[in-house]
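# Structural description and commentary
Letter by letter, the chains look like this.
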Amino acid sequence: MAAFQALFIPRCSYPALPHCFVSASNASPKPHSVSCCFSTTAPVLENGTIGTDASERDVIRLGLPSKGRMASETLELLKDCQLSVRQVNPRQYVADIPQISNLEVWFQRPKDIVRKLVSGDLDLGIVGLDTVCEHGKDDEELIIVHDALGFGDCHLSLAIPKYGIFENINSIDELARMPQWTPDKPLRIVTGFTHLGPKFVKEKGLKHVTFSTADGALEAAPAMGIADAILDLVSSGTTLRENNLKEIEDGVVLESEAVLVAGKQALIHRKGVLDTTHEILERLEAHLLALGQLTVTANMRGNSAEEVAKRILSQPSLSGLQGPTISPVFCKRNGSVTVDYYAIVICVPKKALYKSVQQLRAIGGSGILVSPLTYIFEEETPRWPALLKKLGL
């Protein structure tokens, strides 16, 4: 088996950042190893004082992104779930959510949220899945509570130039078979993902690779001649196309979006964390489920509620969540109260609205009203028993 080697060449002005070297070859029976040096992290201030040890504090801590689009969309989602974050001073990194007692909100960099979940300095956090995988490094202490919060969608992908020696290269296999890559002249990839990057190229069989690290504007690296390819997050792909780069087949490392993540030990051992997690999860699930649904109300002639129900359930788009709600519409005619119509209420997916309206009309529906939904609270969110199973509870 040919040697695999990935060398990280840091590009930064901060000596505290890690310098990493990853290698695996036939000359050594050991698996690839990573050696890193970090500076000591400064102590955390808690309301003006040095924070207490994780095992000593009683307050529950939720970490949220401090800047950028992820931060604003996280706050918007929590607000939609009636969990508005109250930050008295925008310069402070600590806030609260009045609806949940004994909970502190800490604004941190996403990668620091993950690291502090592992260390126990935070109990819960909202970050991108890519950040969890890169900085969590498969740590069993990290538990994904909700894996699809509906924003921050992107994917981590390998991209190469459209021109030159890469013009006819369209897959990872073709890239790996290129004769240009040798121990003396390896494939140069620039990335900020120093954990996921080498793990991915090793799995894909790329044998001669060097990695250099950089922050921002990675798309310019191939044109400048300092890299052959980039490994970066892609949303729409517009930036890649505008810089004459292309994604290739089997080049996606990870699909990512915002997730709710927790520390395993905190969930099991810290008082109140599991109950608070349950409440946050219920609110998130109820809101996210409602986003894709609409309430449809209509009147329908019929001899009985059962007869109307049969007509409704004969249509594939009208079954609702569990079935239609049907109630009589009372009318006064010639001095007596009669029932000529029945009111039906169903939930329909937004994407199927017009089709549902057509089907209602076809079976005699009229006076059709459509209303948005805010929350749908089920008997129990499916993610809750799944979480308890992960924890062995």
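Not measured: the values here are computed from a predicted model.

The rules behind the values
Residues numbered from 1 in each chain as written. Predicted model: local features only at pLDDT ≥ 70, side-chain atom pairs only at ≥ 80, totals over all residues. Heavy atoms only, no water. Helix = DSSP H or I, 4+ residues; strand = E, 2+ residues; numbered from the N terminus. Buried < 20%, exposed > 50% of the residue type's maximum accessible area, 1.4 Å probe, protein only. Areas by Shrake-Rupley, 256 points an atom, 1.4 Å probe, with all protein chains shown as cover. Core = buried A, V, L, I, M, F, W, Y, C linked by side-chain atoms within 4.5 Å. Contact = heavy atoms within 4.5 Å. Expected span 1.5 Å × (residues − 1). Arc of directions from axis to C-beta. Pairing = 2+ DSSP bridges. Axes fitted to C-alpha atoms, helices over the stretch in contact; angles between N-to-C directions. Salt bridge = Lys/Arg side-chain N within 4 Å of Asp/Glu carboxyl O. pLDDT = per-residue confidence, 0-100.

When helices and strands are counted, the chain shows 12 helices and 20 strands. Within the chain, buried positions represent 42% of all 393 residues. Approximately 21,300 Å² of the chain is accessible, and the part contributed by carbon and sulfur atoms is 52%.

The next subject is the nonpolar core. The nonpolar side chains of a soluble globular protein tend to be buried, and buried together. Leu149 and Leu267 are the most contacted members of the largest nonpolar core, which totals 33 residues. The dominant element in this core, judged by the number of residues it contributes, is helix α9 (residues 273-291), at 6 residues. Apart from residues no more than four positions distant in its own chain, Leu149 is found in contact with Leu77, Ile126, Glu257, Ala258, Val259, Leu260, Leu284 and Leu288. Judged by nonpolar contacts, the second largest core, of 22 residues, contains Ile172, Leu187, Ile189 and Leu206.

Turning to helix α1 (residues 68-80), a few remarks are in order. Here α1 spans 19 Å end to end across 13 residues, near enough to the 18 Å set by a 1.5 Å rise per residue. Every buried residue belonging to α1 is among Ala71, Thr74, Leu77 and Leu78, and all of these are buried. Down the axis of α1, the buried side of the element spans an arc of 130°, and every buried residue falls inside it. The inward-facing, buried residues of α1 abut β6 (60-65), β9 (124-128) and α9. Positive phi shows up at Gln82, right after α1, with a value of about 60°.

Take the sheet that holds strand β8 (residues 103-108) next. As summarised here, the arrangement of the 6 strands in space is β7-β8-β6-β9-β16-β10, forming an open sheet in which the pairing is mixed. One side of each edge strand has no neighbouring strand; the edge strands of this open sheet are β7 (94-96) and β10 (142-146). Direction aside, the axes of adjacent strands within the sheet are offset by 35° on average. By the bridge criterion, 4 bridges tie β10 to strand β16 (residues 258-263) in an arrangement that is antiparallel. Residue pairing in the sheet places Leu142 in a bridge with Gly263 of β16.

In terms of burial, β8 is a largely internal element, 6 of the 6 residues being buried. Burial along β8 is two-sided: Leu103, Val105 and Phe107 and Glu104, Trp106 and Gln108, pointing in opposite directions, are all buried. Pairing between β6 and β8: 6 bridges, direction parallel. Across the sheet, the residue bridging to Gly63 is Trp106, located in β8. As judged from the 3 bridges shared by β7 and β8, these two strands associate in the antiparallel manner. Bridging from a neighbouring strand, Ala95 pairs with Val105 of β8. Connecting the antiparallel pair β7 and β8 is a turn made up of 6 residues, with Asn102 showing a positive phi of about 60°.

With that settled, consider the sheet that holds strand β18 (residues 325-333). Pairing in this open sheet of 4 strands is antiparallel, and the strands run β18-β19-β17-β20 from one edge to the other. Across the chains shown, the open sheet's two edge strands, defined by having one partner strand only, are β18 and β20 (365-372). Each neighbouring strand pair of the sheet contributes to a mean axis angle of 25°, computed without reference to strand direction. Across the sheet, helix α11 (residues 353-362) lies against β17 (293-301), β19 (336-349) and β20, angled at about 155° from β20, the strand it touches most.

Our next topic: the pairing of β6. The buried count for β6 comes to 6 of 6 residues, which makes it a mostly enclosed element. Of the two faces of β6, the one holding Ile60, Leu62 and Leu64 and the one holding Arg61, Gly63 and Pro65 are both buried throughout. Bridging between β6 and β9 involves 2 bridges; their strand directions are parallel. Following the sheet pairing, Gly63 is matched in β9 by Gly125.

Along the chain, the position of Glu306 falls in helix α10 (residues 305-313). We classify Glu306 as exposed; its relative accessible area is 55%. For the pair Glu306 and Ile326, spaced 20 residues apart in the sequence, the C-alpha separation amounts to 8.8 Å.

Time to look at the pattern of salt bridges. Counted according to the given criterion, the structure contains 14 salt bridges. Notably, a salt bridge pairs Arg57 with Asp123, separated by 3.0 Å at the nearest N-O pair. Of this pair, Arg57 sits in the loop between β5 (49-50) and β6 while Asp123 sits in the loop between α2 (110-119) and β9; the two residues are 66 residues apart in sequence, bridging distant segments of the chain. The burial state of Arg57 is the same as that of Asp123; both residues are buried.

Quick look at the confidence of the model for the chain now. With 86% of its residues at a pLDDT of 70 or more, the chain has an overall mean of 87. Per-residue pLDDT stays below 50 along residues 1-5; that stretch engages in 20 contacts with residues further than four places along the chain or on separate chains.

The next point concerns α10. Restricting attention to buried positions, one finds in α10 the residues Val308, Ala309 and Ile312. Buried residues of α10 fall within an arc of 100° about the axis and therefore sit on the same side. Residues Glu306 and Lys310 are exposed on α10 and point more than 90 degrees away from its buried face. Tucked inside the fold, the buried residues of α10 contact β17, β18 and β19.

Here the focus is the environment of Ser304. Among the secondary structure elements, Ser304 is positioned in the loop between β17 and α10. The class for Ser304 is partly exposed, based on a relative accessible area of 23%. Between the alpha carbons of Ser304 and Pro328 there is a distance of 8.5 Å; along the sequence they are 24 residues apart.

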